[in-house]
Amino acid sequence: MDQIKIGKFIKECRSKNNLTQSQLAEKLGITDRAVSKWENGRAMPDSAIMLDLCKELGITVNDLLSGEVVTMENYNENSEKIILEMVKEKEKNDKLLLKLEILIGVVCISIMLALTAVASLVAMEESLRILLIFIGLVPLLIATPFMLKIEQIAGYYECKECGHKYVPTYKAVNLAQHIGRKRKMRCPNCNKKSWHKKVISKD
Ligand SMILES: [Zn+2]
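What you are looking at is a predicted structure, and each value in this text was computed from that prediction instead of being measured. (Residues numbered from 1 in each chain as written. Predicted model: local features only at pLDDT ≥ 70, side-chain atom pairs only at ≥ 80, totals over all residues. Heavy atoms only, no water.)

Trainee: Talk me through the packing of helix H6 (residues 72–121) against helix H7 (residues 126–153); I want residue IDs and the actual numbers.
Mentor: Contact pair H6 / H7: the axes reach a minimum separation of 9 Å and the direction vectors enclose 170°. It follows from the interaxial angle that H6 and H7 lie roughly antiparallel. Looking at the contact of H6 with H7 residue by residue, the classes come out as 21 nonpolar, three polar and five charged. (Axes fitted to C-alpha atoms, helices over the stretch in contact; angles between N-to-C directions. Helix = DSSP H or I, 4+ residues; strand = E, 2+ residues; numbered from the N terminus. Parallel < 35°, antiparallel > 145°, perpendicular 65-115°, else oblique. Nonpolar A, V, L, I, M, F, W, Y, C, P; charged D, E, K, R; others polar.)

Laid out in structure tokens, this is it:
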């Protein structure tokens, strides 16, 4: 999405509606700094506020995301472009999330190994040794639900039997047997159980 173009368009619509940045900000319950950021193309209005903003400016969400008033002739082409860009954006974010998961895992396991090494190599009271090993496990215990959540929502799982790509429930991901990122799950499409691999793209 062209943030600069969208910013200019917001500014144009605001002026047409005879609103100053602070008047628009007040109507939306946000700071005028936020409005200025949008108009300079440094930030996008987040989805929670988009509908209200469009209402105040008298435009559609499609207009806003296109950075211009969308006419009937270019409507389809425009929405397709926007959907495509959103898919690309999601794929990019999903890849980042999966990398982040690996990073979290590596950090947690390193902490665990380091504390276990200290506990086994350094002379100390037995109770302190046990405490150190226990503390070493804490980061991994805290991080595991987050890592599972990433596994669930980033990208899709692909059924080996029918090729169906889907986002499973958290419970299914949590309970499934796994080797690396592959998980043995029941496909919601063909209902067969097989090893499903993680894919980023739906098509
Ligand atoms: Zn299937």
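Trainee: Requested: an account of the pattern of salt bridges, with residues and values cited.
Mentor: Under the definition given, this model contains nine salt bridges. Note that Glu12 is salt-bridged to Lys16, the shortest N-O span being 3.8 Å. Of the two residues, Glu12 and Lys16 both sit in helix H1 (residues 3–16), four residues apart, roughly one turn of that helix. One salt bridge connects Glu151 with Arg181, and the closest N-O pair in it is separated by 2.4 Å. (Salt bridge = Lys/Arg side-chain N within 4 Å of Asp/Glu carboxyl O.)

Trainee: Before we move on, could you go through the coordination of the zinc ion and cite the residues and values that matter?
Mentor: Protein-derived ligands of the zinc ion are Cys159 (SG), Cys162 (SG), Cys187 (SG) and Cys190 (SG), with the metal-ligand distances lying across 2.3 Å. Viewed at the metal, the four donor atoms of the zinc ion are separated by angles of 107 to 114°, and the geometry they form is tetrahedral. Expressed as a motif, the donor residue spacing for the zinc ion is C-x2-C-x24-C-x2-C. One end of the pair, Cys162, is in the loop between strand S1 (156–158) and strand S2 (165–166); the other, Cys190, is in the loop between strand S4 (182–186) and strand S5 (193–199), and 28 residues separate them in sequence. (Donors = N, O, S within 2.8 Å, 3.2 Å for Na, K, Ca; no water. Tetrahedral: all angles 85-135°; square planar, octahedral: opposite > 155°, others 65-115°.)

None of this, on its own, says anything about what the molecule does.
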